[in-house]
Amino acid sequence: MSLLEVDGLAVSYGPIKAVRDVSLVVEAGEIVTVLGANGAGKSTSLQAIIGLLPAQQGRVRFDGHDVTGESPERIVRRGMTLTPEGRRIFAPLTVEENLRIGAATQVRRGNTAELWDQMMELFPILASRRRQLAGTLSGGEQQQLAIARSLMSRPRLLLLDEPSLGLAPIVVELIFDLIGRLRDLGITILLVEQNVHQALDIADRGYVVSGGTVVLEGTAEALKASADVQKAYLGQA
Amino acid sequence: MEIFVQQCVNALSLGGTYALLALGLAVVFSVLGMINFAHGEILTITGYTVFFSLMLAVPAVLIIPLALIVAMLAAAAMERVAFRPLRGAGPTSLLITSFAVSGILQVLFQNLISARPRPVPIPDFLTGAFTVGPFHIGVIQSLSILATLAMVGLLTLFLKRTLLGMAIRAAAVDFPTTRLMGIRANRVILAAFAISGLLAGVSGLLWIAQRGSVDPLMGFLPVLKAFIAAILGGIGNLTGAVIGGFFLGAIEIGLQAALPEPVQPFRDAIALTLVVVVLLYRPQGLFGAVHSVRP
Ligand SMILES: Nc1ncnc2c1ncn2[C@@H]1O[C@H](COP(=O)(O)OP(=O)(O)O)[C@@H](O)[C@H]1O
Ligand SMILES: [Mg+2]
């Protein structure tokens, strides 16, 4: 049984069909990447998987449960979460408050202190920014905060939507490093990216989405070698 | 000088009542993007709770907590019954629904209780005044100011220190992302309504203590003023709502004191004109409106 199974997903914004037919699976322990041009329907798919948008057709199964139509808060409590595109940190709240809210599902279990220490180790920069308003952080720091905030809910599956968007190359490097370390911590990752090279370097498998439909899938190696992917994304690189 | 100090106390006390109401409107607006015009009926419900408690000889110490609990429950019930089914229907539908709730409650009060004002006897010590040096200061006015400060302080602590409070602040910025933290949308919205109910309950108690009576339509004017105060402060901005409330209180009392007798009937018109002038220069309100991502 796969950790995540998405089967024939379709999502619309009113009359606009943004996602027509997306099927994918993620096995526990994998890093799976979803590639595709702007407007291909990647973010819409992630939002439907996590329950923020209703699926018009198709099923989403997480960890053996059919979670189609469940609320995002319910799904997050099951152990899957999303770090949204554009980071969406709570700008007027402090770094510490952002993280405490991230741990909302863990308060009853009483392990927030341990989680906190783990985050400070993974993201040393956040430790020194603890009392700062999140909105005053740099782009790279905000992305780290957004990921740390997601990790505070102890996800088994993390959906990452373009974590390298708008960051300087050196910071992109750091974020991809971090994704590798998350895998080592036992977190499974579904990574949406436009940084095709780096995404395929780190991923085990990938899907290519175009016009709201999965048009290609395969191992990272196969996708790297694929003429279609070369033509569409990797260009002369 | 004495008169000036007394007028300041009056302004602070009236402004405080507006501030609490405006704060309640702003808390709900901040998470839902909706102005609840039925907020004034919470004030009325608080008043009737006091009225019936006195009639049924409920012990005095219990009346205030009872009235506040009823106010919170009434606000929470409004959310549950009227607004939750319309979640996602857009701010206009919610706004119109809130007018409907307000109207329905007013009709119910008129038909089930009485269309006419019911007296609420106020204990003598509340209507009195005390003397500090050369100043005579009203007991109710002082209590209003203290209660306002206490409520603003408590709310600040709640919003800063508790997880639910932080979640409300986060939801005011970005509701969908707050849900991604595993925080239940319904809980946040219900909490915002309960808080607005508590604040309306406190201002209701202060309002009744000044008037000495309850009637079915008593909530309309204060909530209108609170709405103006919230706009003045910057819609959805909690600090702005409090300042806007005090600002409006100061304008009203200031005009009452300064305007010559023949012009007094135009006091509200002049006060509102001043508000319009402020908004012409600062359309976003004194503290700036808050824009956010809503559910
Ligand atoms: N909120 C929205 N309302 C209407 N259309 C939208 C909305 N969000 C995205 N879309 C449209 O849906 C399609 C897919 O968008 P999106 O999922 O954001 O693509 P991607 O993440 O792959 O860049 C695009 O055509 C986009 O214009
Ligand atoms: Mg996107």
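What counts and how
Residues numbered from 1 in each chain as written. Chains lettered and ligands numbered in written order. Predicted model: local features only at pLDDT ≥ 70, side-chain atom pairs only at ≥ 80, totals over all residues. Heavy atoms only, no water. Axes fitted to C-alpha atoms, helices over the stretch in contact; angles between N-to-C directions. Helix = DSSP H or I, 4+ residues; strand = E, 2+ residues; numbered from the N terminus. Left-handed = near helix turned anticlockwise from the far one by under 90°. Nonpolar A, V, L, I, M, F, W, Y, C, P; charged D, E, K, R; others polar. Donors = N, O, S within 2.8 Å, 3.2 Å for Na, K, Ca; no water. Buried < 20%, exposed > 50% of the residue type's maximum accessible area, 1.4 Å probe, protein only. Pairing = 2+ DSSP bridges. Parallel < 35°, antiparallel > 145°, perpendicular 65-115°, else oblique. Contact = heavy atoms within 4.5 Å. Buried area = accessible area lost by both parts, 1.4 Å probe. Salt bridge = Lys/Arg side-chain N within 4 Å of Asp/Glu carboxyl O. Polar contact = N/O pair within 3.5 Å; in protein donor to acceptor, adjacent residues only side chain to side chain. Patch = residues over 30% accessible without salt bridge, like charges linked within 9 Å, V, L, I, M, F, W, Y side chains within 5 Å. Areas by Shrake-Rupley, 256 points an atom, 1.4 Å probe, with all protein chains shown as cover. Lys, Arg positive; Asp, Glu negative; His and termini not counted. Charge placed at Lys NZ, Arg CZ, Asp CG, Glu CD. 1 Å grid on protein atoms, 1.4 Å probe; cavity = no way out; pocket = protein on both sides within 12 Å on 5 of 7 lines; lining within 4 Å. Points joined across faces, edges and corners; volume = space filled by probe spheres on them. Domains from an automatic or database assignment.

Asker: Summarise the packing of helix α1 (residues 2-32) of chain B against helix α11 (residues 238-258) of chain B; cite the residues concerned and give the values.
Answerer: Residues and elements named next belong to chain B. With their axes 7 Å apart at the nearest point, α1 and α11 run at an angle of 145° to one another. Classified by chirality, the crossing of α11 by α1 is right-handed. Classifying every residue of the contact of α1 with α11 gives 17 nonpolar, six polar and one charged.

Asker: With reference to specific residues and values, describe the coordination of the magnesium ion (ligand 2).
Answerer: All names here are of chain A. With distances of 2.0 Å, the protein atoms coordinating the magnesium ion (ligand 2) are Ser43 (OG) and Glu85 (OE). Residue Ser43 is located in helix α1 (residues 42-50), and its partner Glu85 is located in the loop between β6 (80-83) and α3 (95-102); the two are separated by 42 residues in the primary sequence. For Ser43, a relative accessible area of 18% gives the class buried.

Asker: Quick rundown of the pairing of strand β2 (residues 129-132) of chain B? Include the residues and the values.
Answerer: Judged from the four bridges that link them, β2(B) and strand β3 (residues 135-138) of chain B form a sheet pairing that is antiparallel. Considered in β3(B), the bridge of Ala129(B) is made with Gly138(B).

Asker: I'd like a rundown of the pairing of strand β2 (residues 16-26) of chain A, residues and numbers included.
Answerer: Residues and elements named next belong to chain A. With seven bridges joining them, strand β1 (residues 4-13) and β2 adopt antiparallel strand pairing. Among the inter-strand pairings, Val6 is bridged to a residue of β2, identified as Leu24. As consecutive antiparallel partners, β1 and β2 are separated by two residues, and within that stretch Gly14 has a phi angle of approximately 55°, a positive value.

Asker: Explain the packing of α11(B) against helix α12 (residues 267-281) of chain B residue by residue, including any values.
Answerer: Residue and element names in this part refer to chain B. At a minimum axis distance of 10 Å, the contact between α11 and α12 shows a crossing angle of 135°. Regarding the angle of α11 to α12, the classification is oblique. In the crossing of α11 with α12, the sense of the turn from one axis to the other is right-handed. Where α11 abuts α12, its residues Phe247, Leu248, Ile251, Glu252, Leu255 and Gln256 lie against Arg267, Asp268, Ile270, Ala271, Leu274, Val275 and Val278. Each residue belonging to the contact of α11 with α12 can be placed in one class, and the counts come to nine nonpolar, one polar and three charged.

Asker: Give a description of the interface of chain A and chain B that names residues and reports values.
Answerer: The figure often quoted for interface size is the accessible area lost as the parts come together. Taken together, the 23 residues of chain A in the interface contact 21 residues of chain B. In total, chain A and chain B occlude about 2000 Å² of area from one another, counting both sides; carbon and sulfur atoms represent 63% of this. On the chain A side of the contact with chain B, Glu73(A), Phe90(A) and Ile101(A) bury the most area, a combined 29% of that side's loss. Applying the counting rule to chain A against chain B returns three salt bridges. There are seven residue pairs in polar contact (both at pLDDT 80 or more) connecting chain A and chain B. Split into classes, the residues belonging to the side of chain A that touches chain B amount to 12 nonpolar, four polar and seven charged.

Asker: Help me get a handle on helix α7 (residues 163-173) of chain B, residues and values and all.
Answerer: Since the α-helix advances by 3.6 residues per turn, residues separated by three or four positions end up pointing in the same direction. The buried fraction of α7(B) amounts to eight of the 11 residues, a majority that puts the element mostly inside the structure. All of the buried residues in α7(B) are Gly165(B), Met166(B), Ala167(B), Ile168(B), Arg169(B), Ala170(B), Ala171(B) and Ala172(B). In this fold, the buried residues of α7(B) make contact with α3 of chain A together with α1, α6 (139-161), α8 (175-179) and α9 (185-211) of chain B.

Asker: Please give an account of a positive patch on the surface that cites residues and values.
Answerer: The grouping of Arg77(A), Arg108(A), Arg109(A), Arg184(B) and Arg187(B) at the surface amounts to a positive patch. Following the sequence through the fold, Arg108(A) ends up in the loop between α3 and α4 (112-122). Relative accessible area serves as the criterion here: at 77%, Arg108(A) is assigned to the exposed category.

Asker: Break down the side chain of Glu162(A) for me, citing the residues and quoting the values.
Answerer: All names here are of chain A. Locating Glu162 in the fold gives a position in the loop between β7 (157-161) and α7 (169-184). Here the side chain of Glu162 touches Gln194 through a polar contact of 3.2 Å, side chain to side chain. Other than its neighbours up to four places away in sequence, Glu162 contacts Lys42, Glu85, Gln143, Val192, Glu193 and Gln194.

Asker: Before we move on, can you summarise empty space enclosed by the protein with the specific residues and values?
Answerer: Residues and elements named next belong to chain A. Per the stated rule, a full pass over the model turns up one cavity of 30 Å³ or more. If you add up the space inside the largest cavity, you get close to 50 Å³. What lines the largest cavity is Val22, Leu24, Val34, Lys42, Ser45, Leu46, Ile49, Leu190 and Val209. Residue composition of the lining of the largest cavity, grouped by class: seven nonpolar, one polar and one charged.

Asker: I'd like a rundown of the domain arrangement of chain A, residues and numbers included.
Answerer: All names here are of chain A. For chain A, the domain assignment lists domain 1 (4-79 + 155-233) and domain 2 (92-153). A straight line from the C-alpha centre of domain 1 to that of domain 2 covers 23 Å. Opposite the 16 residues of domain 1 that make contact, domain 2 presents 13 residues. Each partner contributes to the roughly 1200 Å² buried at the junction of domain 1 and domain 2, and carbon and sulfur atoms together form 75% of this total. Our count for the domain 1 to domain 2 interface comes out at zero salt bridges. Applying the counting criterion to the domain 1 and domain 2 interface returns zero residue pairs in polar contact (both at pLDDT 80 or more). Secondary-structure elements contributing two or more residues to the side of domain 1 that touches domain 2 are α2 (72-78), β7 and α7. Of all the elements, α7 adds the most residues to the side of domain 1 that touches domain 2, at six residues. A per-class count over the side of domain 1 that touches domain 2 returns 13 nonpolar, no polar and three charged.

Asker: Explain the layout of surface pockets to me, using residue names and the numbers behind them.
Answerer: By volume, the largest pocket amounts to about 800 Å³. Along its surface, the largest pocket is lined by 30 residues, and Leu159(B), Lys160(B), Arg169(B), Leu238(B) and Thr239(B) are the ones closest to its centre. Within the residue set of the lining of the largest pocket, elements represented by two or more residues are α3 of chain A together with α1, α6, α7 and α11 of chain B. Broken down by element, the lining of the largest pocket gets its largest block of residues, six residues, from α6(B). Looking at the lining of the largest pocket residue by residue, the class counts come to 15 nonpolar, eight polar and seven charged.

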